[in-house]
Protein chains: 2
Amino acid sequence: MKKNLLFTPGPTPIPPEALLAMAQPIDYHRSNATAALIKDVLEKLKHVFQTENDVLFLTSSGTGAMEGAVSNLLSRGEKAIVIRSGKFGERWGEICATYGIEVIPIDVTWGNSVEPDIVASALAEHTDVKAVFATLCETSTGVLHDIEALARLTRIRPTLLVVDAVSALGADDLQMDNWGVDVVVSCSQKGLMTPPGLAFAAVNQRAWDAVERSDLPKYYLDFRKAYESGLEGSVPYTPAVTLLTALQQALNRICAEGIQHTIDRHNRLALATRSAIKALGLPLFAASPANTLTSIRLPEGIDGKALINLMRDTYGITYAGGQSQLSGKIVRIAHLGWMNENDVIVAISAFERGLVEIGHAIPLGAGVSAAQEIFTQ
Amino acid sequence: MKKNLLFTPGPTPIPPEALLAMAQPIDYHRSNATAALIKDVLEKLKHVFQTENDVLFLTSSGTGAMEGAVSNLLSRGEKAIVIRSGKFGERWGEICATYGIEVIPIDVTWGNSVEPDIVASALAEHTDVKAVFATLCETSTGVLHDIEALARLTRIRPTLLVVDAVSALGADDLQMDNWGVDVVVSCSQKGLMTPPGLAFAAVNQRAWDAVERSDLPKYYLDFRKAYESGLEGSVPYTPAVTLLTALQQALNRICAEGIQHTIDRHNRLALATRSAIKALGLPLFAASPANTLTSIRLPEGIDGKALINLMRDTYGITYAGGQSQLSGKIVRIAHLGWMNENDVIVAISAFERGLVEIGHAIPLGAGVSAAQEIFTQ
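Please read all numbers here as calculations on a predicted model, not as lab measurements.

## Let's talk about the overall build of chain A
Right, on to step 1. Helix and strand counts for chain A come out as 14 helices and 14 strands.
Right, on to step 2. Relative to a compact globule of 377 residues, whose C-alpha radius of gyration would be 21 Å, chain A shows 21 Å and is just as compact.
Right, on to step 3. The long-range share in chain A, meaning contacts at least 24 apart out of those at least 6 apart in sequence, stands at 74%.
Right, on to step 4. About 13000 Å² of surface is accessible on chain A, with carbon and sulfur atoms providing 48% of the total.

Spelled out as structure tokens, the structure:
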């Protein structure tokens with residue numbers, strides 16, 4: 001009796017009312033009902049983004065919003081600092097390079113978060129940098145970056161701070177307005193518990209001023225068009241109406257819980273998972289781990305791919321493996337979105353059994369009981 | 001007891017098995033099951049595109065694939081002929097202008113299709129034109145363009161023919177390989193009976209050669225990355241998995257019917273609708289009408305917007321109105337996708353009642369019986 005469970009950092013499980021919303025007959029995108037849907041969704045997203053800025057959406061993966069942030073904010077020949085601590089930081093650099101932006105990279109060892117002092121030095125050295133591209137949770141390593149510290153550096157300068165919160169929005173704290181972050185991009189299939197296909201950007205006034213000056217080419221990913229249409233409950237191009245109906249249901253859950261409680265819940269799930277992994281004698285990969293997911297460095301001799309295949313095929317449990325240079329070396333267990341304490345117990349219990357089955361002796365139940373300790377506190 | 005029925009040229013109604021597929025728990029996009037899903041969908045799309053070329057997909061609206069066709073095929077400073085006979089032809093021109101492409105416009109009166117001779121003259125005059133951007137069905141007017149005639153002009157030259165088949169794929173005939181069309185773009189929410197959020201491009205070898213040389217910036221809309229990933233059942237970025245599951249169901253319907261029969265069905269529905277409109281004494285707006293939708297020029301004094309609102313609010317029937325310069329002046333009735341003869345009878349019957357109710361006297365039932373005549377032939 002197989003039950004498939006996703007512990008991947010996106011797509012994450014979808015609540016039943018969001019699934020059922022998608023099974024309803026589709027509505028025309030230029031209807032009053034869809035206009036009300038779009039307005040409702042965009043209003044609720046402000047709560048999740050912790051901002052008074054209006055949020056815009058695109059029908060695309062999160063990468064579409066990342067590319068839009070580059071092509072809408074920057075102009076030919078400008079410079080940007082890119083913090084590269086994993087696959088998604090590298091993506092910022094690749095997109096900037098595509099548009100001929102001069103990239104000043106700050107490379108961080110995978111598994112570590114950036115030292116704000118190093119960013120401060122780079123900003124002091126390159127006073128003409130237009131933007132800093134950073135990542136809230138680097139999904140490829142499970143690292144949380146100190147965005148608040150970075151914002152303290154940028155908000156006193158004309159330099160913009162652009163944050164990829166693709167995986168971490170709604171799981172790790174990101175106080176866009178309080179901290180002074182200029183642009184936050186995210187998408188639907190992570191903390192927002194909705195299928196992939198919608199991407200979002202929250203843009204403050206400093207950033208809109210840069211958009212006004214930008215001369216890089218953009219059409220489908222044009223932030224201004226998406227933003228202005230959204231204010232009217234409209235869209236420049238046919239949106240993924242079905243996914244918007246699911247998103248509305250998922251946002252109702254987050255708004256009912258309250259974003260701070262949502263983040264607290266993710267924090268508790270993450271603490272329990274980390275405690276469990278330590279109790280199993282395995283090292284965490286991330287020096288500053290996010291609430292979004294937990295990365296575990298596997299012992300030498302354990303084939304991460306084999307472990308993940310075993311878990312998926314035998315137990316119906318899908319974890320994520322390592323990407324790029326970490327392929328086969330780490331396991332990533334997400335506790336993200338529509339997740340509670342029972343889900344984490346299942347994730348840990350199955351992980352324990354998988355380790356034993358693949359030949360790595362651990363004390364069965366040690367992880368589960370460590371997690372239970374956290375949950376009963 | 002309201003039953004909402006969509007006669008809009010996208011989104012179109014979704015068959016029940018496609019709706020229910022979306023209500024299933026979501027799968028990880030890097031799973032064997034999703035890889036098999038992607039391969040199956042891309043294989044079946046070849047049948048619909050009438051091509052042996054592999055098809056690529058993007059998570060975006062159709063406009064994303066249109067922009068991708070420009071940014072992937074062309075290079076800085078190149079020239080393109082753009083056929084502008086409505087809103088979507090104009091969109092080709094806008095996208096080209098965004099990327100600094102020199103546009104040689106061929107403007108056609110809205111409601112007419114382009115004269116191939118005019119395109120031939122333009123090609124003779126501008127021998128260095130890299131591509132001709134055309135539209136199969138100009139959705140804003142309901143006009144069908146003679147793509148086969150245009151392909152006869154381009155396939156004997158290095159000039160590429162790029163066709164927007166966004167609304168007409170699966171409804172109007174487009175024999176990509178037989179005619180020698182180089183690139184065809186389309187999307188999910190029209191003839192493919194799937195919610196919006198997926199876009200497609202079929203690209204032949206001549207066009208891939210141009211992609212190799214192209215120096216315009218593209219990242220999210222990179223055709224090469226999408227194509228090469230798709231061959232492996234993979235994706236460069238998290239795709240709209242849910243929409244792919246719906247698309248698979250919808251494609252099963254088209255493949256079971258067979259693309260030629262699917263087009264024939266649309267042709268019969270269109271013939272009946274046009275016959276009905278003529279029987280009501282109203283003029284068709286399109287000189288060469290498509291199978292995709294029927295555009296009706298409203299009599300002077302009839303407010304098209306009021307008619308459309310009445311139909312939607314009172315009868316639950318959604319037609320599309322006119323766009324841009326045609327706002328309020330035409331009604332567009334789509335017979336597109338998951339549609340059969342009974343649907344067309346409903347569309348016509350409701351239209352008759354709406355006309356009477358808004359004060360335009362017509363012989364009630366004249367349209368319905370004209371359609372029935374076609375269906376009984």
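## Looking at the pairing of strand E9 (residues 183-187) of chain B
Working note: regular strand, side chains alternate between the two faces of the sheet.
Residue and element names in this part refer to chain B.
Right, on to step 1. Judged by how many residues are buried, E9 sits mostly within the fold: five of five residues are covered.
Right, on to step 2. With burial as the criterion, each face of E9 is covered, one bearing Val-183, Val-185 and Cys-187 and the other bearing Val-184 and Ser-186.
Right, on to step 3. One ladder, built from three bridges, connects strand E8 (residues 160-164) with E9; its direction is parallel. Counterpart to Asp-164 in the pairing with E9 is Val-185.

## Looking at the nonpolar core
Proteins that are soluble and globular tend to have nonpolar side chains buried together.
Right, on to step 1. Judged by nonpolar contacts, the single largest core of 134 residues is most densely connected at Ile-147 and Val-181 of chain A together with Ile-147 and Val-181 of chain B.
Right, on to step 2. Beyond its immediate stretch of four places on either side in the chain, Val-181 of chain B contacts Ile-147, Ala-151, Leu-161, Val-163, Leu-174, Met-176 and Asn-204 of chain B.

## Brief notes about the packing of aromatic side chains
Residues and elements named next belong to chain A.
Right, on to step 1. For the coordinates displayed, the defined rule picks out twelve aromatic pairs over all chains.
Right, on to step 2. Among the aromatic residues, those joined into a cluster by ring pairs are Phe-7, Tyr-319 and Phe-351.
Right, on to step 3. In this structure, Lys-225 is placed above the aromatic ring of Tyr-219, and the distance from its NZ or CZ to the ring centre is 3.7 Å.

## Some points on the interface of chain A and chain B
Right, on to step 1. Taken residue by residue, the interface counts 48 residues in chain A and 48 residues in chain B.
Right, on to step 2. Each partner contributes to the roughly 3700 Å² buried at the junction of chain A and chain B, and carbon and sulfur atoms together form 66% of this total.
Right, on to step 3. Its largest share of buried area at the contact with chain B, chain A owes to Ile-26, Tyr-28 and Tyr-219 of chain A, together 19% of the area lost on that side.
Right, on to step 4. At the junction of chain A and chain B, the tally comes to zero salt bridges.
Right, on to step 5. Scanning the region where chain A abuts chain B turns up eight residue pairs in polar contact (both at pLDDT 80 or more).
Right, on to step 6. Breaking the side of chain A that touches chain B down by element, the ones donating at least two residues are helix H1 (16-22), helix H3 (62-73), helix H4 (87-98) and helix H10 (241-257) of chain A.
Right, on to step 7. Top contributing element to the side of chain A that touches chain B by residue count: H4 of chain A, with four residues.
Right, on to step 8. By residue class, the composition of the side of chain A that touches chain B is 25 nonpolar, 17 polar and six charged.

## Quick look at the pairing of strand E10 (residues 198-203) of chain B
Residue and element names in this part refer to chain B.
Right, on to step 1. The buried fraction of E10 amounts to six of the six residues, a majority that puts the element mostly inside the structure.
Right, on to step 2. Residues Leu-198, Phe-200 and Ala-202 point to one face of E10 and Ala-199, Ala-201 and Val-203 to the other, with burial holding for every one of them.
Right, on to step 3. Both strand E2 (residues 55-59) and E10 contribute to a ladder of five bridges, which runs antiparallel. The partner of Leu-56 across the bridge, within E10, is Ala-201.
Right, on to step 4. Taken together, the five bridges between E9 and E10 define a ladder with antiparallel strand orientation. Note on E10: the bridge partner recorded for Cys-187 is Ala-199.

## Comments concerning the relation of the copies chain A and chain B
What connects the two chain copies is a rotation about an axis and a shift along it.
Right, on to step 1. The transform that puts chain A on chain B rotates by 180 degrees and translates by 0.0 Å along the axis, for an RMSD of 0.0 Å. Such a combination of rotation and displacement between the chain copies is what one expects of a two-fold axis. Closest to the rotation axis within chain A is the C-alpha of Ser-60 of chain A, separated from it by 2.5 Å.
Right, on to step 2. Looking at the interface residues of chain A, 100% of them are also at the interface in chain B, so both copies use one shared face.

## A look at the pattern of salt bridges
All names here are of chain A.
Right, on to step 1. Counted according to the given criterion, the structure contains 29 salt bridges over all chains.
Right, on to step 2. As a salt-bridge pair, Glu-43 and Lys-46 come within 3.8 Å of each other at their nearest N and O atoms. In this pair, Glu-43 and Lys-46 both sit in helix H2 (residues 32-49), three residues apart, roughly one turn of the helix.
Right, on to step 3. For Arg-224, the salt bridge goes to Glu-212, with nearest N and O atoms at 2.6 Å. Taken together, the residues span a long stretch of sequence, with Arg-224 in helix H9 (residues 223-231) and Glu-212 in helix H8 (residues 205-213) at a distance of twelve residues.

## Some remarks on the sheet that holds strand E13 (residues 320-321) of chain B
Residues and elements named next belong to chain B.
Right, on to step 1. If you walk across this open sheet you meet the three strands as E11-E14-E13, and the pairing is antiparallel. Two strands close off the open sheet at either side, each with one partner strand: strand E11 (293-297) and E13.
Right, on to step 2. For E11 and strand E14 (residues 330-334), the ladder comprises five bridges, and the chain directions are antiparallel. Paired with Ile-296 across the strands is Val-331, a residue of E14.

## Focus: the side chain of Ser-229 of chain B
Residue and element names in this part refer to chain B.
Right, on to step 1. With respect to the helices and strands, Ser-229 occurs in helix H9 (residues 223-231).
Right, on to step 2. In this structure Ser-229 comes out as buried when scored by relative accessible area, which is 16%.
Right, on to step 3. Once you skip the residues sitting within four places of it in the chain, Ser-229 turns out to touch Ser-234, Val-235 and Pro-236.

## Quick notes on the packing of helix H11 (residues 259-279) of chain A against helix H14 (residues 366-376) of chain A
All names here are of chain A.
Right, on to step 1. In the contact formed by H11 and H14, the axes pass within 7 Å of each other and the chain directions differ by 145 degrees. Crossing angle aside, the handedness with which H11 passes H14 is right-handed. The residues of H14 that touch H11, namely those facing Arg-268, Leu-269, Leu-271, Ala-272, Ser-275, Ala-276 and Ala-279, are Ala-366, Gly-367, Ala-370, Ala-371, Ile-374 and Phe-375.
Right, on to step 2. Its residues assigned to classes, the contact of H11 with H14 comprises ten nonpolar, two polar and one charged.

## What to know about the layout of surface pockets
Residues and elements named next belong to chain A.
Right, on to step 1. Roughly 900 Å³ of volume is contained in the largest pocket.
Right, on to step 2. It is helix H12 (residues 304-315) that provides the largest number of residues to the lining of the largest pocket, a total of four residues.
Right, on to step 3. Partitioning the lining of the largest pocket into residue classes produces 14 nonpolar, 22 polar and nine charged.

## Description of H3 of chain A
Right, on to step 1. Compared with an ideal rise of 1.5 Å per residue, which puts twelve residues at 16 Å, H3 of chain A spans 17 Å between its outermost C-alpha atoms and is within 8% of the ideal.
Right, on to step 2. H3 of chain A sits mainly inside the fold: twelve of its twelve residues count as buried.

Calculation rules
Residues numbered from 1 in each chain as written. Chains lettered and ligands numbered in written order. Predicted model: local features only at pLDDT ≥ 70, side-chain atom pairs only at ≥ 80, totals over all residues. Heavy atoms only, no water. Helix = DSSP H or I, 4+ residues; strand = E, 2+ residues; numbered from the N terminus. Rg over C-alpha atoms; globule rule 2.2 N^0.38 Å. Contact = heavy atoms within 4.5 Å. Areas by Shrake-Rupley, 256 points an atom, 1.4 Å probe, with all protein chains shown as cover. Buried < 20%, exposed > 50% of the residue type's maximum accessible area, 1.4 Å probe, protein only. Pairing = 2+ DSSP bridges. Core = buried A, V, L, I, M, F, W, Y, C linked by side-chain atoms within 4.5 Å. Phe/Tyr/Trp six-rings, centres within 6.5 Å; stacked < 30°, edge-to-face > 60°. Lys NZ or Arg CZ within 6 Å of the ring centre and 35° of its normal. Buried area = accessible area lost by both parts, 1.4 Å probe. Salt bridge = Lys/Arg side-chain N within 4 Å of Asp/Glu carboxyl O. Polar contact = N/O pair within 3.5 Å; in protein donor to acceptor, adjacent residues only side chain to side chain. Nonpolar A, V, L, I, M, F, W, Y, C, P; charged D, E, K, R; others polar. Least-squares fit on C-alpha atoms with pLDDT ≥ 70 in both. Axes fitted to C-alpha atoms, helices over the stretch in contact; angles between N-to-C directions. Left-handed = near helix turned anticlockwise from the far one by under 90°. 1 Å grid on protein atoms, 1.4 Å probe; cavity = no way out; pocket = protein on both sides within 12 Å on 5 of 7 lines; lining within 4 Å. Points joined across faces, edges and corners; volume = space filled by probe spheres on them. Expected span 1.5 Å × (residues − 1).

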